[in-house]
Amino acid sequence: DVKVTQSSRYLVKRTGEKVFLECVQDMDHENMFWYRQDPGLGLRLIYFSYDVKMKEKGDIPEGYSVSREKKERFSLILESASTNQTSMYLCASSPIAGVGADTQYFGPGTRLTVL
Amino acid sequence: QQPVQSPQAVILREGEDAVINCSSSKALYSVHWYRQKHGEAPVFLMILLKGGEQKGHDKISASFNEKKQQSSLYLTASQLSYSGTYFCGTEYTFGNEKLTFGTGTRLTIIP
């Protein structure tokens, strides 16, 4: 079974802190994604990566950056956390199918609260 | 731009049928459906490629109308285990590898 793990289930940080959210997948997938999930807004893509050291902005990249130094690990960085970044953060991975987007496998999520 | 899902929420009794719609303002290459149970990660249900195909999985099926740029998810004789939030994910460009998810439909099945 594909396994996507996230470093924390719950995280509480203060405004202005630098925050790292880590995601690891064990299925050698090329693609990795970071989403945030807010009530009524669904899943919104922050950044995704299709290869090591490669990244592309999603729909809401402002205030975030990412790092992918190894294929299995994709990190989301909040350079200076703000209260409007309080949310559930979901990581996902998928293989390259060659016929379009393939199934995404999601991690359990990290609920981040910024005080 | 996110696809629009309707209804936003629905409550059904066990055994009743449900339809969840997903509409896009842009042409679609494929539509993906996921279900997220409370407190859990979203889980893949099915993919529909352009061509108007219909797919089924147990009592859950879906259709994709390319011309109307919309997809519908059909849940027949719903079970308690069907409760959760359903998301459609739309692929606008072939080869892009990313999906744009809708805002979700919360389905509650009561005994």
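Higher on the page you've got the structure.
Computed from a predicted structure; not experimentally measured.

Caption draft 1: How the structure looks around the environment of A:Tyr10. Residues and elements named next belong to chain A. For tyrosine 10, the location among the structural elements is in strand 2 (residues 10–13). The class of tyrosine 10 is exposed, set by a relative accessible area of 64%. Separated by 99 residues in the primary sequence, tyrosine 10 and glycine 109 have C-alpha atoms spaced 8.6 Å apart.

Caption draft 2: Fine view of the nonpolar core. Counting residues in each nonpolar core, the largest one holds 21 residues, and the members touching the most others are B:Trp33, B:Met46, B:Leu73, B:Leu75, B:Tyr82, B:Tyr86 and B:Leu107. Taken together, the elements giving at least two residues each to this core come down to strand 3 (18–23), strand 4 (30–36), strand 5 (43–49), strand 7 (60–65), strand 8 (70–75), strand 9 (84–91) and strand 11 (105–110) of chain B. B:Leu73 has contacts with B:Ala18, B:Val19, B:Ile20, B:Trp33, B:Leu45, B:Met46, B:Ile60, B:Ser61, B:Ala62 and B:Tyr86, leaving out every residue within four places of it along the chain. Membership of the second largest hydrophobic core comes to 20 residues, among which are A:Val19, A:Tyr89, A:Leu112 and A:Val114.

Caption draft 3: Inspection of the pattern of salt bridges at higher detail. Residue and element names in this part refer to chain A. Taken as a whole and assessed by the stated rule, the structure comprises six salt bridges over all chains. Residue aspartate 28 pairs with lysine 71 through a salt bridge whose shortest N-O separation is 3.1 Å. Of this pair, aspartate 28 sits in the loop between strand 3 (19–25) and strand 4 (31–38) while lysine 71 sits in the loop between strand 7 (65–70) and strand 8 (73–78), placing them 43 residues apart in sequence. Since its relative accessible area comes to 26%, lysine 71 is described here as partly exposed. What you see here is one network of salt bridges that share partners, running through Asp28, Glu30 and Lys71.

Caption draft 4: The sheet that holds strand 7 of chain A, seen in detail. Residues and elements named next belong to chain A. Sheet architecture is open: four strands sit in the order 1-3-8-7, paired in antiparallel fashion. At either margin of the open sheet sits one strand with a lone partner, and together these are strand 1 (4–6) and strand 7. In this sheet, neighbouring strand axes are inclined to one another by 20 degrees on average, regardless of whether the strands run parallel or antiparallel.

Caption draft 5: Quick peek at the packing of aromatic side chains. All names here are of chain A. Considering all chains together, one arrives at nine aromatic pairs over all chains under this definition. Judged by centre distance (5.8 Å) and plane angle (20 degrees), the rings of phenylalanine 33 and phenylalanine 48 are stacked. With phenylalanine 33 in strand 4 and phenylalanine 48 in strand 5 (residues 42–51), this residue pair connects regions lying 15 residues apart in the sequence. Overall, phenylalanine 33 belongs to the buried group, its relative accessible area being 0%.

Caption draft 6: Region of the structure containing the state of the cysteines. All names here are of chain A. Applying the stated rule across the entire model yields two disulfides over all chains. At a sulfur-sulfur separation of 1.9 Å, the disulfide partner of cysteine 23 is cysteine 91. Looking down the S-S bond of the cysteine 23 and cysteine 91 bridge, the torsion is -75 degrees, so its handedness is left-handed. Here cysteine 23 is found in strand 3, whereas its partner cysteine 91 is found in strand 9 (residues 87–94), with 68 residues between them in sequence. With respect to burial, cysteine 23 and cysteine 91 carry one shared label: buried.

About the thresholds
Residues numbered from 1 in each chain as written. Chains lettered and ligands numbered in written order. Predicted model: local features only at pLDDT ≥ 70, side-chain atom pairs only at ≥ 80, totals over all residues. Heavy atoms only, no water. Helix = DSSP H or I, 4+ residues; strand = E, 2+ residues; numbered from the N terminus. Buried < 20%, exposed > 50% of the residue type's maximum accessible area, 1.4 Å probe, protein only. Core = buried A, V, L, I, M, F, W, Y, C linked by side-chain atoms within 4.5 Å. Contact = heavy atoms within 4.5 Å. Salt bridge = Lys/Arg side-chain N within 4 Å of Asp/Glu carboxyl O. Pairing = 2+ DSSP bridges. Axes fitted to C-alpha atoms, helices over the stretch in contact; angles between N-to-C directions. Phe/Tyr/Trp six-rings, centres within 6.5 Å; stacked < 30°, edge-to-face > 60°. Disulfide = S-S within 2.5 Å.

Nothing here speaks to function; it is all geometry.
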